[in-house]
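Inside the fold
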Amino acid sequence: MTKRRRTVHVGLPVLLVALGLLALVSVSPLADETDAAIRDVILTQIEAFANDDELGAWVHASRGIQRRLRSPEMLLYVVQNAYPPVHRAASIRFGQRIPHNEFEIQVVRLEGPEGKLWDAYYRMVRKDSEWKVGGVTLQRADFGI
């Protein structure tokens, strides 16, 4: 009696789906929680700026920013004048989060009040189990070719 060897061919689409599912399963729940917490802080602060809510924005600023600017009114003034895309964002899209030892960088694509697109690099710091905005750098969005 001859043994027949059975060969199973898995197509590329099936393999890609399987790898995608494996990637979803292997994503750390802690990473998801960190992403959600950082995004929530950024969105809440942007909303506070949009409503000219000085105190609402101030509570999400790091102690370093609070020491430098000294008051919620000064924070709002600086953002109004130096960061119009943050102050009056027409749309917000989160990009990648880049972990570092002492902080995280969250990339956010903002559409400013004049319709121009900006990449905002939020420096997020964790203090007493809470995420705070430690600074923002704006750069005009690069569209390539």
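What follows covers the overall build of the protein chain. A count of helices and strands for the protein chain gives six helices and four strands. Helices and strands appear in the protein chain in the N-to-C order α-α-α-α-α-α-β-β-β-β. Taking all 145 residues of the protein chain together, 31% fall into the buried category. The long-range fraction of contacts in the protein chain, counting pairs at least 24 apart against all pairs at least 6 apart in sequence, stands at 41%. Looking at the protein chain as shown, the accessible area adds up to about 10,300 Å², and 55% of this sits on carbon and sulfur atoms.

Looking now at the nonpolar core. When a protein is soluble and globular, its nonpolar side chains tend to lie buried together. Of all hydrophobic cores here, the largest spans 23 residues; its most connected members are Ile42, Phe49, Leu75, Val86, Val108, Tyr122 and Met124. When residues of this core are traced back to their parent elements, those giving at least two are helix H2 (29-50), helix H3 (54-58), helix H5 (72-82), strand E2 (104-111), strand E3 (117-127) and strand E4 (130-140). Here this core takes six residues from H2, the largest share from any one element. Setting aside anything within four residues of it in sequence, one finds Leu75 in contact with Gln45, Phe49, Ala57, Trp58, Ala61, Ile65 and Leu69.

Further remarks concern the sheet that holds E4. Pairing within the open sheet is antiparallel, and its four strands lie in the order E1-E2-E3-E4. Both outer strands of the open sheet, strand E1 (91-99) and E4, are each paired with one neighbouring strand and no more. If you compare each strand with its neighbour and ignore which way they point, the axes differ by 25° on average. The pairing of E1 with E2 spans seven bridges and is classified as antiparallel. Bridging from a neighbouring strand, Pro99 pairs with Glu104 of E2.

In this section: the environment of Thr44. As for its position among the elements, Thr44 is in helix H2. By relative accessible area, Thr44 is classed as partly exposed at 30%. C-alpha of Thr44 to C-alpha of Ala57: the two residues are 13 residues apart in sequence and 7.6 Å apart in space.

Following the criterion strictly, the structure yields zero aromatic pairs and no others. Sitting above the plane of the Trp118 ring, Arg140 keeps its charged end 5.5 Å from the centroid.

Turning next to the side chain of Arg97. Examined against the element boundaries, Arg97 turns out to sit in strand E1. Only 2.4 Å separates the side chain of Arg97 from the side chain of Asp35, close enough to count as a polar contact. For Arg97, the side chain forms a polar contact with the side chain of Glu104, separated by 2.6 Å. In this structure, Arg97 is in contact with Ala31, Thr34, Asp35, Ile38, Glu104, Ile105 and Gln106, ignoring residues within four places of it in sequence.

So, on to the pairing of E2. By the criterion of burial, E2 is predominantly enclosed, with seven of the eight residues buried. Taking the residues that link successive antiparallel strands as the turn, the E1-E2 hairpin has four residues. As defined by bridge partners, E2 adjoins E3 across eight bridges and the pair is classed as antiparallel. Pairing of Arg109 across the sheet is with Asp119, part of E3. Between the antiparallel neighbours E2 and E3 lie five residues, among them Gly115 with a positive phi of about 85°.

Conventions adopted
- Throughout this document, residue positions are counted from 1 along each chain, in the order its sequence is written.
- Confidence filtering applies because this is a predicted model: local features only for residues at pLDDT of at least 70, side-chain atom pairs given and counted only at 80 or more, and all residues used for totals across whole chains, interfaces and linings.
- Only hydrogens and water are set aside when side-chain values are computed; all heavy atoms of the structure are taken into account.
- Numbering of helices and strands starts at the N terminus; helices are DSSP runs of H or I of at least 4 residues and strands are runs of E of at least 2.
- Each residue is assigned to one of three classes by its accessible area relative to the maximum for its type, calculated with a 1.4 Å probe on protein chains only: buried under 20%, partly exposed between the two thresholds, exposed over 50%.
- Two residues qualify as a contact provided that any one of their heavy atoms is within 4.5 Å of a heavy atom in the partner residue.
- Residue exposure ignores everything except the shown protein chains as possible cover, and the areas themselves are Shrake-Rupley values with a 1.4 Å probe.
- Here, nonpolar core refers to any group of buried Ala, Val, Leu, Ile, Met, Phe, Trp, Tyr and Cys residues whose side-chain atoms link them within 4.5 Å.
- Two strands qualify as a pair provided DSSP detects at least 2 bridges between them.
- Angular values range over 0 to 180 degrees, each being the angle between N-to-C directions of two axes fitted as lines to C-alpha atoms, with helices fitted over their stretch in contact.
- Note on ring pairs: Phe, Tyr and Trp rings are taken, using the six-membered ring of Trp, and paired if centres are within 6.5 Å. Classes follow the plane angle, with under 30 degrees stacked, over 60 edge-to-face and the rest tilted.
- Counting as a charge over the ring demands two things of the Lys NZ or Arg CZ atom: a distance within 6 Å of the ring centre and an angle within 35 degrees of the ring normal.
- Here a polar contact means two N or O atoms within 3.5 Å. Within protein one must be a hydrogen donor candidate and the other an acceptor candidate, and residues neighboring in sequence count only if both atoms are side-chain atoms.

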